[in-house]
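A look at the structure
What follows is the residue order along each chain.
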Amino acid sequence: MIGRAFLATFRAILADSSALMLLIGSCLLYSFFYPTAYSGEVPVRMPVAVVDLDHSATSRSLETRLGALQQAEVVARLPSPPSRYAGWKNGG
């Protein structure tokens, strides 16, 4: 029952050229104009502190990839999480 109603609606949209143009045109316009409002809100060079407790090749690879991102800048490599907490308490 619902399937038949869906097919009838879909056929009606395909038969009406203005409805079809509105459906396709609005999708195209929306896909171009929607991201422009957020283009200035992309973070760039956010400071990141890395704590590598694993010291494996995978974690080193992840750290290297993190440093290569435009959105992040590795500013510190710390031996343990408590050392970073001490820095926050001291304002650093």
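Preceding this section is the structure that the text describes.
This text gives an overview of the structure that appears in the document. (Residues numbered from 1 in each chain as written. Predicted model: local features only at pLDDT ≥ 70, side-chain atom pairs only at ≥ 80, totals over all residues. Heavy atoms only, no water.)

1. Some thoughts on the overall build of the protein chain
Helices and strands together make up the secondary structure of the protein chain, namely 4 helices and 2 strands. When the helices and strands of the protein chain are placed in sequence order, the string is α-α-β-α-β-α. A burial count over the protein chain gives 9% of its 92 residues as buried. Nonlocal contacts in the protein chain, meaning residues at least 24 apart in sequence, comprise 68% of its contacts between residues at least 6 apart. Carbon and sulfur atoms provide 67% of the accessible area of the protein chain, an area that totals close to 7800 Å². (Helix = DSSP H or I, 4+ residues; strand = E, 2+ residues; numbered from the N terminus. Buried < 20%, exposed > 50% of the residue type's maximum accessible area, 1.4 Å probe, protein only. Contact = heavy atoms within 4.5 Å. Areas by Shrake-Rupley, 256 points an atom, 1.4 Å probe, with all protein chains shown as cover.)

2. A look at a nonpolar patch on the surface
A contiguous nonpolar surface patch, about 660 Å² in accessible area, is contributed by L23, I24, L28, L29, F32 and F33. Position of L23 relative to the elements: it lies in helix α2 (residues 17-33). (Patch = residues over 30% accessible without salt bridge, like charges linked within 9 Å, V, L, I, M, F, W, Y side chains within 5 Å. Salt bridge = Lys/Arg side-chain N within 4 Å of Asp/Glu carboxyl O.)

3. Some points on the pattern of salt bridges
Inspection of every chain in the model, using the stated rule, returns 1 salt bridge. A salt bridge links R77 to E63, with the nearest nitrogen and oxygen atoms 2.3 Å apart. Placement of the pair is R77 in strand β2 (residues 72-78) and E63 in helix α3 (residues 57-68), with a sequence separation of 14 residues. R77 gets classed as exposed once you look at its relative accessible area, which sits at 58%. On the basis of relative accessible area, E63 is assigned to the buried category, the value being 15%.

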